[in-house]
Amino acid sequence: MATYFARRILQSIFTLIVISMILYGLISIVPGGFMSAYTERADFTPEDLARIRAKFGLDDPIPVRYVKWLGNMLTGDMGNSFSTKRPVMQEIADRLPNTLLLMGLMMVCTLLVAIPLGILSAVKQYTWFDHVTTTVAFAGQSLPVFWFGLLLIIVFAVTLRGADGKPLLPGSGMYTLGEPFSLADRIKHLILPVSMLTFVSAAEYMRYLRSSMLDVINEDYVRTARAKGLSERLVIYKHALRNAIIPLVTLIALDLPSLFGGALFTETIFAWPGIGRLYFTAALKTDYPLVMAVLMIESALIIASSLLVDFIYALLDPRIRLS
Amino acid sequence: MSTSAFPAERTKGIREQSLFLFFWVRFIKHKMALIGGAVTLLIIILVVFAPMLSNFDPMTQDLLNRFQPPSAEHWMGTDDLGRDMFSRVLYGGRISLSVGLFAMGLAILLGCTIGLVAGYYGGWVDAALMRMTEIFMSIPRLFVLIALGMFLRTLDLPFLKPGSFVPISLVIGLLSWMGTARLVRASTLELREREFIQACRALGGSDARILFLRILPNIASPIIVSATLGLAGAIISESGLSYLGFGVQLPTPTWGNMLSNTQSQMTTAPWTAIFPGLMIFIIVIAINYLGDGLRDALDPRHTFKK
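Here the structure is a predicted model, which is why all the values come from computation and not from measurement.

S.K.: Let's hear about the overall build of chain B: which residues, and what values?
M.R.: Of the regular secondary structure elements, chain B holds 13 helices and 0 strands. If you list the helices and strands of chain B from N to C, you get α-α-α-α-α-α-α-α-α-α-α-α-α. Counting only contacts in chain B whose residues sit at least 6 apart along the sequence, the fraction spanning at least 24 positions is 71%.

S.K.: Kindly report on the interface of chain A and chain B, identifying the contributing residues and their values.
M.R.: Taken together, the contact between chain A and chain B spans 36 residues of the former and 35 residues of the latter. Going through the elements one at a time, helix H1 (2-29), helix H6 (128-142), helix H7 (145-159), helix H8 (183-217), helix H12 (264-269), helix H13 (275-284) and helix H14 (288-316) of chain A are the ones with two or more residues in the side of chain A that touches chain B. When residues in the side of chain A that touches chain B are grouped by element, the largest group, 7 residues, is from H14(A). In the side of chain A that touches chain B, the residues fall into 26 nonpolar, 9 polar and 1 charged.

S.K.: Break down the confidence of the model for chain A for me, citing the residues and quoting the values.
M.R.: When pLDDT is averaged along chain A, the result is 84, and 93% of the positions lie at 70 or above. Of all secondary-structure elements in chain A, the lowest mean pLDDT belongs to helix H15 (residues 318-322) of chain A, at 60, while helix H5 (residues 88-123) of chain A reaches the highest, 91.

S.K.: Before we move on, can you summarise the packing of H5(A) against H6(A) with the specific residues and values?
M.R.: Residue and element names in this part refer to chain A. Two elements in contact, H5 and H6, have axes separated by 8 Å at closest approach and are oriented at 135°. Here H5 lies oblique to H6, going by the angle between them. For the element pair H5 and H6, the recorded crossing hand is left-handed. Contact with H5, carried on its side by Leu117, Leu120 and Ser121, involves Phe129, Asp130, Thr133 and Thr134 of H6 and no other residues of that element. When its residues are assigned to classes, the contact of H5 with H6 shows 3 nonpolar, 3 polar and 1 charged.

S.K.: Residues and numbers for the packing of H7(A) against H8(A), please.
M.R.: The packing of two helices is summarised by the inter-axis angle and the distance between the axes. Residue and element names in this part refer to chain A. Contact geometry for H7 and H8: axes closest at 10 Å, N-to-C directions at 140°. With respect to their mutual orientation, H7 and H8 come out oblique. Crossing of H7 over H8 shows right-handed handedness. Residues Val145, Phe148, Gly149, Leu152 and Phe156 of H7 form the contact with H8, whose participating residues are Leu192, Met196 and Val200. Taken together, the residues of the contact of H7 with H8 break down into 7 nonpolar, 1 polar and no charged.

S.K.: Please give an account of H1(A) that cites residues and values.
M.R.: With 28 residues, H1(A) extends 41 Å between its outermost C-alpha atoms, agreeing within 8% with the 40 Å of an ideal straight helix rising 1.5 Å per residue. For H1(A), the complete set of buried residues consists of A:Thr15, A:Ile19, A:Tyr24 and A:Ile27. Of the surrounding secondary structure, the elements contacted by the buried residues of H1(A) are helix H4 (62-74) and H14 of chain A together with helix H6 (123-137) of chain B.

Procedures and definitions
Sequence order as written defines the numbering, with residues in each chain counted from 1. The lettering of chains begins at A and the numbering of ligands begins at 1, in the order of writing. Reporting in this predicted model follows two pLDDT cut-offs: at least 70 for local features of residues, and 80 or more for side-chain atom pairs to be given and counted; totals over whole chains, interfaces and linings ignore these cut-offs and use all residues. Under the scheme used here, helices are H or I runs from DSSP no shorter than 4 residues and strands are E runs no shorter than 2 residues, and both carry numbers assigned from the N terminus. Placing a C-beta atom from the backbone of each residue, one calls two residues in contact when those atoms lie within 7 Å. Only Asp, Glu, Lys and Arg are considered charged in this grouping, and only Ala, Val, Leu, Ile, Met, Phe, Trp, Tyr, Cys and Pro are considered nonpolar; every other residue, Gly among them, is considered polar. The pLDDT score gives, residue by residue, the confidence of the prediction method on a 0 to 100 scale. As a rule, the C-alpha atoms of each element are fitted with a line to give its axis, helices using only the stretch in contact, and angles between N-to-C directions run from 0 to 180 degrees. Should an angle lie under 35 degrees it is considered roughly parallel, over 145 roughly antiparallel, and from 65 to 115 roughly perpendicular; all remaining angles are considered oblique. By convention, the crossing between two helices is left-handed when the near helix turns anticlockwise from the far helix through less than a right angle, and right-handed when the turn is clockwise. Expected span, for any helix, means 1.5 Å times one less than how many residues it has. Residues are called buried when their C-beta atom has 20 or more other C-beta atoms within 10 Å, exposed when it has 12 or fewer, and partly exposed otherwise; all C-beta atoms are positioned from the backbone.

Next up, the structure:
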């Protein structure tokens, strides 16, 4: 067991290092690259640029720069943002609570919607209820998310009006400009982005749970539970669901990194000041330090979450760690 | 007396069935897949014959007729520069579908090659290739696509026409082969030890012959399914990237970038935001249903879980 864990951890570190090399190499070979913030300025003479290059150590060979950069990253120094001149860590820390609020709420809503619908459509397989939910879920998975967001804005923030003639729901931002913070206002701003995210991810979770429920319901032990006279409710919720939900837990664990990365499209469309929108604007301004930092953190989280899933499985299933 | 398990009186009325017919019969049972296939075909025809179907040039601006609502003349209205939306949607579809096909083709090519080589040769080759696959799977896909789109925007390569769909297709293809590679590897591992492969090897068949003429045809079904679903995925990726401004650059229309500036026009001209997205949604859901039906038809082991 210990060797299995140790090997997986080493593998993960190796993967992360290779990814950091690829990403760093990519940024280094682009003309301009880290210098693009300065080369675009007309008032900088070639001598100025050369001085800046030397100051940043950009004249060193790429491997040397990479090692230095990696050392800085490990101590939490991710450099300064090109556009705001503030430390990248600060920029990320400012936006993180907003993304966590949005994504955390989305996760709760998704589970509240997907779990009952998934169970019901599996139990009532081939009824009209099942057909409607699976069709809607299928459509949800084929929907371009950003377009869905635009439609929500057209309907709820442009067309539909409340009693006071104002749009029914706000279509952008986290709060109404010029108003003091109020919980009601924050909730109003959350409704559209959270429902958009929930619809798309609940569609996926629901289809997943439905098919694993269908697998489980036909197992012998479920038949046994029925045969010994347990109520249908007890069979479904206690015997079947407990096993059917394991694959869903894996899916959720693998989705955890998105709590940090946020929903890039949603945050962009609804002007939600989170990490996804931060990344998008950084990419528009070719703000390399910020782009690199977000990419690295997100990659590390993805690797960590798949490590977590493997560990949980190894603990649950002895066959994996012995092979 | 005959001891055959299939005496003539029992097989009477059963016609011989070709493999294709077998799949076809299973496929047409899947109504949504049939509709999906028909809709996909229809959209491809519309897009291919765009010049004959539209009287307007997709690039010609007509500033006097900006933001015209849908009418008999402009079926989908006009956009912020007075260009005909219907014509732009048709021509944009050419680019969007080309990106989808090109990216999917590249992903399937890479996935099959890597999967076949890893599964067939095993050992350190397999280990190295699978490690590489894992590394690519740990990359935050959307974020890296945006970063690569950012590079392509700044690169300004002289041999590329502005608005070319090639770089974005390459980028999407390079980040979408991993699932296919794992699938092909697993199937190859299984087939490698089978008698007909051993026989081919014993007869002196080269590795290439075994890989491409013996193994590949036998794993065609899952590859076809993953190609179909990959096409839908690539179309979605392109539209998202172009929407954000990191894909195909304006004024070349694609279904994604046509939506780019529509958010500010939504109070005055909501139709500019509706039609391009509707096209993406329709073709993606059609292709997904088609892929679903193909999977049910081509994979006899796949249990019907409609």
